[in-house]
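# Reading the structure
Read off the chains here:
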Amino acid sequence: MAIRKLLLLLKPVDLYPFLETDGVSLIKNHQVLQYLESRCKVHRDAITFCQEILNKKPVEWKPISRNDLSHPIRDVDMVITVGGDGTLLHASHFIDDSVHVLGVNSDPTQAHEVEELSDQFDASRSTGHLCAATVDNFEQVLDDILFGRVVPSKVSRISVKLNSEPLLSHALNDILIAHPCPAAVSKFSFKIKNKDCDTNPKTVNCRSSGLRVCTAAGSTAAMLSAGGFLMPMLSRDLQFMVREPISPGPTLSQMHSAFKPDQFLDVNWYSDHGTIYIDGCQVNYNVQLGDTIEISSDAPVLNVFLSQGFTQIRSRY
């Protein structure tokens, strides 16, 4: 596929609008203020750099702020996101499997900075797990793509049906189904069903803080923090975990596992209120008592360029 038409999707330039109010900074700690101002400058410089590189290439491109994106992205060959994983996640909700995606981490974490400021505050910047490029290698990465030396990876996403109706958004990282009040108990049951077999799997009844389901890409995020396991990036399996189950008894071993692409998770919701959170706070849908939720990997894949793809082509030369 020839890449000729691009959309440059930008994390907002004014990252921290609270830095000044009427010319007076709301941040009193000088080191924190310097750190946040540095982040803004590094991000702005990264945007300028990417635009200058694109102007030298035989492509047609246009920029758009992440905050202005409200409709499906069509009529382009590739989306380049400049920001971090959050910007790429946001873009993924507007992209089907016909458009390729490249993430540029505009403000990578600096290990020396984190170490120097560790006694003052957390100076971590952007992880960029899904981003294959930074300003240091953007032009080389872009050339590899434009000259067809590398192909995108097909990364799984999560499909959700609410009362048999497909939701429009697909999760690239994970979904969380929980009561909208984090202190409230969520009551639900689930079972893993085979798509093509008329079997009668055992129902698992739960009272807990909710249910999380993640893709392979999302297994490095909240799921891992909660004690989940890492999955190979291109795996089509989905991992699930019941959060903080109350007195699970003999069903404890069934509270955390994975299911295959030919299976789906069938959930029945028994609380008065609930919310399906897709990729953190990116998108959410309300659920209520008696609703059914079907979770599977039937969503279109995301064709995203990952860093390991470029590592492989470098090893050939």
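Attention in this report is confined to the structure presented alongside it. Note on numbering: residues in each chain are counted from 1, in written sequence order. Only residues with pLDDT of at least 70 get local features here, since the model is predicted, and only at 80 or more are side-chain atom pairs given and counted; chain-wide, interface and lining totals rely on the full set of residues. Note that the side-chain values use all heavy atoms of the structure and ignore hydrogens as well as water.

Turning to the overall build of the chain, a few remarks are in order. The number of helices and strands found in the chain is six helices and 20 strands. Relative to the compact-globule value of 20 Å for 317 residues, the chain shows a C-alpha radius of gyration of 21 Å, a close match. Along the longest, intermediate and shortest principal axes, the C-alpha atoms of the chain span 60 × 50 × 35 Å. Working definition: with a 1.4 Å probe on protein chains only, accessible area under 20% of the residue-type maximum means buried, over 50% means exposed, and in between means partly exposed. Within the chain, the fraction of its 317 residues that count as buried is 50%. Approximately 15700 Å² of the chain is accessible, and the part contributed by carbon and sulfur atoms is 50%. Helix and strand assignments come from DSSP, with helices taken as H or I runs of at least 4 residues and strands as E runs of at least 2, each series counted from the N terminus. C-alpha atoms define the radius of gyration in this analysis, and the globule rule sets the expected value at 2.2 Å times the number of residues to the power 0.38. Surface exposure here means Shrake-Rupley accessible area, sampled with a 1.4 Å probe, where a residue is shielded only by the protein chains that are shown.

What follows covers the layout of surface pockets. Think of a ball as big as a water molecule: rolled over the atoms, this probe shows where empty space is left. Points on a 1 Å grid over protein atoms alone make up a cavity when a 1.4 Å probe fits among them but cannot get out, and a pocket when they form an open set with protein on both sides within 12 Å along at least five of seven lines; lining residues each have an atom within 4 Å of a point. Grid points are joined across faces, edges and corners, and a volume is the space filled by probe spheres set on the points. Put simply, the largest pocket is a space of about 370 Å³. Taken together, 17 residues form the lining of the largest pocket, with Pro 72, His 93, Phe 94, Ile 95 and Leu 168 sitting closest to its centre. Throughout this entry, Asp, Glu, Lys and Arg are counted as charged residues, while Ala, Val, Leu, Ile, Met, Phe, Trp, Tyr, Cys and Pro are counted as nonpolar. The remaining residues, Gly among them, count as polar. Partitioning the lining of the largest pocket into residue classes produces seven nonpolar, seven polar and three charged.

Two strands are counted as paired when DSSP detects at least two bridges linking them. Spatial ordering of the open sheet is given by S4-S1-S5-S6-S20-S7, a layout of six strands whose pairing is mixed. Each edge of the sheet is formed by a strand with only one pairing partner; in this case those strands are strand S4 (60-65) and strand S7 (153-155). Averaged over all pairs of adjacent strands, the angle between strand axes in this sheet comes to 30°, irrespective of strand direction. For strand S6 (residues 100-105) and strand S20 (residues 302-305), the ladder comprises three bridges, and the chain directions are parallel. Across the sheet, the residue bridging to His 100 is Asn 303, located in S20. Axes, fitted as lines to C-alpha atoms, cover a helix only where it is in contact. Angles between the N-to-C directions of the axes lie from 0 to 180 degrees.

Glancing now at the environment of Ile 295. With respect to the helices and strands, Ile 295 occurs in strand S19 (residues 292-296). For Ile 295, a relative accessible area of 0% translates into the label buried. Residues Ile 295 and Val 213, 82 residues apart in the sequence, show an inter-C-alpha distance of 8.3 Å. Contacts are assigned to residue pairs with any non-hydrogen atoms lying within 4.5 Å of each other. Excluding residues that lie within four positions of it along the chain, Ile 295 makes contacts with Ile 158, Ser 159, Ile 175, Ile 177, Val 213, Leu 238, Phe 259, Phe 264, Leu 265 and Val 267.

Moving on, we come to the nonpolar core. A general trend in soluble globular proteins is that nonpolar side chains are found buried together. Buried Ala, Val, Leu, Ile, Met, Phe, Trp, Tyr and Cys residues that are joined via side-chain atoms within 4.5 Å together make up what is termed a nonpolar core. Residues Val 213 and Ile 295 are the most contacted members of the largest nonpolar core, which totals 27 residues. The next biggest cluster of nonpolar side chains, apart from the first, holds 23 residues, and it includes Ile 3, Leu 6, Leu 8 and Leu 102.

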